[in-house]
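What follows is the residue order along each chain.
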Amino acid sequence: MTSTNWIDLRQDSDTGIETIRAHFEGHAYDPHWHDSYLVGFTEQGVQQFHCRRVRHDSTPGRLFFVEPGEIHDGHAPAEGGFTYAMLYLDPDWLQRELRQFAIAGAASGEPGFASTLVDDTPLIAGIARAFTTLRQSTSRLERDDALDALLQGLVPHLGWRRRPLTDPRLPRAARRAQELLHANYAEDIGLQTLAEQCGVDRFRLTRAFKSAFGLAPHAYLVQLRLSLARQRLAAGEPPASVASQLGFADQSHLGRWFRRAYGLTPADYRQRCVRGG
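Below you will find a few notes about this structure. The shown structure was predicted, so the numbers you read here are calculated from the model rather than taken from an experiment.

Cut-offs applied
Residues numbered from 1 in each chain as written. Predicted model: local features only at pLDDT ≥ 70, side-chain atom pairs only at ≥ 80, totals over all residues. Heavy atoms only, no water. Helix = DSSP H or I, 4+ residues; strand = E, 2+ residues; numbered from the N terminus. Expected span 1.5 Å × (residues − 1). Buried < 20%, exposed > 50% of the residue type's maximum accessible area, 1.4 Å probe, protein only. Pairing = 2+ DSSP bridges. Contact = heavy atoms within 4.5 Å. Phe/Tyr/Trp six-rings, centres within 6.5 Å; stacked < 30°, edge-to-face > 60°. Salt bridge = Lys/Arg side-chain N within 4 Å of Asp/Glu carboxyl O.

### Observations concerning helix H7 (residues 217-234)
Next, step 1: Taking 1.5 Å of rise per residue, the 18 residues of H7 would be expected to cover 26 Å, and the 26 Å separating its terminal C-alpha atoms lies within 8% of that figure.
Next, step 2: In terms of burial, H7 is a largely internal element, 15 of the 18 residues being buried.
Next, step 3: Phi turns positive one or two residues past the end of H7, at Gly-236, with a value near 100°.

So this is what it looks like as structure tokens:
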């Protein structure tokens, strides 16, 4: 974190929603993903990021949406950097709350955003209101009213799709490697071992994996570990314990990767989440 970059993050204990407002100049984030739905808007500057294999340039007054698992990064290409406000919506909370609108497919499917970058001034106001209410309101009715308005504003941008067990578009070897990484995220598994268990050579596996998921297997494993670290830190676990449980060499190793992905140290993120509740 440089002297010009800053992050203000808190977590609401009742909903699990994280509210984040931040400013970056130059490089902001390395490619990473979240387990949450990201809903935000650019306040100032040009917010440049890659998502869905496309470069996006968000400017003041534009909304951006990122689904769980979608790899994205962040960069400020213009002088003065960019400032944004965003909500991290827990998938279980979002799906549960959206069912109140009786949307076709809501009972058995999962919500997804049709576009990454959109224009919707009323929804920006709804996000800003929810952001402020989650941080300042002492009234449950006021908070619920703000969140219901937010959800109503999101509905036109959401579609519902069935949740497949596997994605048939992905190469079999890439799917198998992903399954193995998720099952052995704390282990020091080598690329040769991974390739042998997938029935291909190392080079074919790396090409297939990068084509399917946008990252090489090692980079994917690091992001998987970071995603799990974020969950455990938010629950109050100490950084040193989280690092050892998830296969990082030590707390410093976790800290270096965590800062590159999220702009905060693990200890700072943990403190903000616990304090934000």
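### Brief notes about the pairing of strand S7 (residues 63-66)
Next, step 1: Side chains Leu-63 and Phe-65 of S7 all project onto a buried face; the interleaved residues Phe-64 and Val-66 project onto the opposite face, where all are buried too.
Next, step 2: Pairing analysis gives four bridges linking strand S4 (residues 37-44) to S7, with the strands arranged antiparallel. From the neighbouring strand, Val-39 faces S7, where its bridge partner is Phe-65.
Next, step 3: Note that S7 and strand S11 (residues 117-118) share two bridges and pair antiparallel. Residue pairing for S11: Leu-63 is matched across the bridge by Val-118.

### Observations regarding the environment of Arg-225
Next, step 1: With respect to the helices and strands, Arg-225 occurs in helix H7.
Next, step 2: Ignoring anything within four residues of it in the chain, the contact list for Arg-225 reads Tyr-185, Ala-186, Glu-187, Leu-246, Gly-247 and Phe-248.

### Regarding the packing of aromatic side chains
Each aromatic ring pair is characterised by the separation of its centres together with the angle its planes make.
Next, step 1: Scanning the model with the defined rule gives 13 aromatic pairs in all.
Next, step 2: Pairing Phe-65 with Phe-113 gives two aromatic rings, centres 4.4 Å apart and planes at 15°, and the pair type is stacked. Taken together, the positions of Phe-65 in strand S7 and Phe-113 in strand S10 (residues 109-113) put the pair 48 residues apart, joining distant regions of the chain.
Next, step 3: You can call Phe-113 buried: its relative accessible area is 4%.
Next, step 4: Through pairs of rings, three or more aromatic residues link up here, namely Phe-24, Tyr-29, Phe-49, Phe-64, Phe-82 and Tyr-84.

### Topic: the pattern of salt bridges
Next, step 1: Counted under the stated rule, the structure contains 16 salt bridges.
Next, step 2: Among the salt bridges present, the one from Glu-43 reaches Arg-21, with a minimum N-O distance of 2.9 Å. Pair noted here: Glu-43 is in strand S4 and Arg-21 is in strand S2 (residues 18-24), with a separation of 22 residues, a long-range link.
Next, step 3: Note on Arg-21: relative accessible area 32%, which makes it partly exposed.
Next, step 4: The residue Glu-179 makes a salt bridge to Arg-176 at a minimum N-O spacing of 3.6 Å. Taken together, the residues span about one helical turn, with Glu-179 and Arg-176 both in helix H4 (residues 172-183) at a distance of three residues.

Just geometry here; none of it tells us what the structure is for.
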